[in-house]
Amino acid sequence: MEGKESPERPSTSQTASGVFSHFQPYARSKGPILALGTLFAASAVIPSTVVRPNVYFPPYLHRVGFSLVFGGAAYVLAAGDARNGSGITTAWSLTYLFLHLRRSLRPPLYPITLAMTAGTATCAALYGTEYFMYQT
């Protein structure tokens, strides 16, 4: 096998056209998910006693756990694996939304809970579009 060159693997991603072409560089970068993971980590230092009793605030272990998972997804994206990084981000973002979306949108609303839910929905849409539409 010496002297033979191995054939190059074809690219497994497509370049977006239209509106998403402006957002595709963000969907392949670690920035948005790293910011969301930082938001979750920062929310972990807020004690539940600060929040009014009738306001929904995700449990402590969920805030810490999702911050670690989102940090791991940012690491995968930073390592250059856009396929797996966007898949991890999409799956765990949708999991968070499945667990917390309805309760976080019921009044009375809490700004940090809304920010976590909106950021998670944004990342799910951004990375999900990259994963399902432009990765083959």
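In what follows, the structure referred to is the one given above.
Position numbers for residues count from 1 along each chain, tracking the sequence in the order it is written. Local features in this predicted model are restricted to residues whose pLDDT is 70 or higher, and side-chain atom pairs enter the listing and the counts only when it is 80 or higher, whereas totals over whole chains, interfaces and linings include all residues. Heavy atoms from the whole structure form the basis of all side-chain values; hydrogens and water molecules are not counted.

J.: Just checking my understanding: could you explain the overall build of the chain for this structure?
T.: Elements are defined by DSSP. Helices are runs of H or I of four residues or more, strands are runs of E of two residues or more, and each kind is numbered from the N terminus. Scanning the chain for helices and strands turns up five helices and zero strands. The secondary structure elements of the chain, listed N-terminal to C-terminal, are α-α-α-α-α. Working definition: with a 1.4 Å probe on protein chains only, accessible area under 20% of the residue-type maximum means buried, over 50% means exposed, and in between means partly exposed. Buried positions account for 35% of the 136 residues belonging to the chain. Residue contacts follow a heavy-atom distance rule, with two residues in contact if any of their heavy atoms lie within 4.5 Å. Of the contacts made within the chain by residues no fewer than 6 positions apart, 75% connect residues no fewer than 24 positions apart.

J.: I keep staring at the packing of aromatic side chains and nothing clicks. Help me out?
T.: Within a pair of aromatic rings, the relevant descriptors are the distance that separates the centres and the angle that separates the planes. Each pair of aromatic rings taken from Phe, Tyr and Trp, with Trp reduced to its six-membered ring, is defined by centres within 6.5 Å and is described as stacked if the planes are under 30 degrees apart, edge-to-face if over 60, and tilted in the remaining cases. Per the counting criterion, the structure on display carries seven aromatic pairs. Judged by centre distance (5.4 Å) and plane angle (85°), the ring pair of Phe57 and Tyr110 falls under edge-to-face. Separated by 53 residues along the polypeptide, Phe57 in the loop between α2 (31–43) and α3 (60–78) and Tyr110 in the loop between α4 (82–104) and α5 (111–133) bring together distant segments of the chain. Its relative accessible area of 12% is what places Phe57 among the buried residues.

J.: Explanation requested: the nonpolar core in the structure shown.
T.: The nonpolar side chains of a soluble globular protein tend to be buried, and buried together. In terms of nonpolar packing, the biggest core is built from 15 residues, with Ile33, Leu36, Phe40, Phe70, Tyr96 and Tyr127 touching the most fellow members. Those elements that place two or more of their residues in this core are α2, α3, α4 and α5. Apart from the residues within four sequence positions on either side, Tyr96 is in contact with Phe40, Pro58, Phe66, Leu101, Met116, Thr117 and Thr120. Residues belong to a common nonpolar core when they are buried Ala, Val, Leu, Ile, Met, Phe, Trp, Tyr or Cys residues joined through side-chain atoms within 4.5 Å. If you look at the next biggest cluster of nonpolar residues, it comprises five residues, including Val51, Val55, Phe57 and Tyr110.

J.: Would you mind showing me how to read unusual backbone geometry here?
T.: Where the residue is not glycine, phi is negative for most of them; where a peptide bond is considered, it is trans in most cases. Residue Pro108 is bonded to the preceding Pro107 through a cis peptide linkage, with omega at -5°. Mapped onto the elements, Pro108 comes out in the loop between α4 and α5.

J.: Would you mind going over the environment of Ile33 with me for this structure?
T.: Among the secondary structure elements, Ile33 is positioned in helix α2. By relative accessible area, Ile33 is classed as buried at 0%. Each C-alpha atom, one on Ile33 and one on Ser67, is 9.5 Å from the other, the two residues being 34 residues apart in sequence. Leaving out residues up to four positions away in the same chain, Ile33 has contacts with Phe70, Ala73, Ala74, Leu77, Thr89, Cys123 and Tyr127.

J.: Before we go on, may I ask you to explain α3 in this structure?
T.: An α-helical segment advances 3.6 residues per turn. Residues three or four places apart therefore align on the same side. Helix span, as expected, comes to 1.5 Å for every residue beyond the first. With 19 residues, α3 should reach 27 Å at 1.5 Å per residue; the first-to-last C-alpha distance of 27 Å fits that figure. Downstream of α3 by one or two residues, Gly80 has phi in the positive range, about 100°.

J.: Help me understand the packing of α2 against α3, please; the structure alone is not making it clear to me.
T.: Helix-helix packing: each pair is described by the crossing angle between the helix axes and the interaxial distance. The N-to-C vectors of α2 and α3 enclose an angle of 155°; their axes lie 8 Å apart at closest approach. By the angle between their directions, the pair α2 and α3 is classed as roughly antiparallel. Crossing handedness for the pair α2 and α3: left-handed. Every residue of α3 that contacts α2 at Ile33, Leu34, Leu36, Gly37, Phe40, Ala41 and Ser43 is listed here: Arg63, Phe66, Ser67, Phe70, Ala73, Ala74 and Leu77. Side-chain classes follow a simple rule in which Ala, Val, Leu, Ile, Met, Phe, Trp, Tyr, Cys and Pro form the nonpolar group, Asp, Glu, Lys and Arg form the charged group, and the remainder, Gly included, forms the polar group. Here the residues of the contact of α2 with α3 are counted per class, giving 10 nonpolar, three polar and one charged. To define axes, lines are fitted to C-alpha atoms, for helices over the stretch in contact only, and angles between the resulting N-to-C directions are given on a 0 to 180 degree scale. Each angle gets one of four labels, with under 35 degrees taken as roughly parallel, over 145 as roughly antiparallel, 65 to 115 as roughly perpendicular, and the rest as oblique. In this scheme the handedness of a crossing depends on how the near helix is turned from the far one: anticlockwise by less than a right angle means left-handed, clockwise means right-handed.

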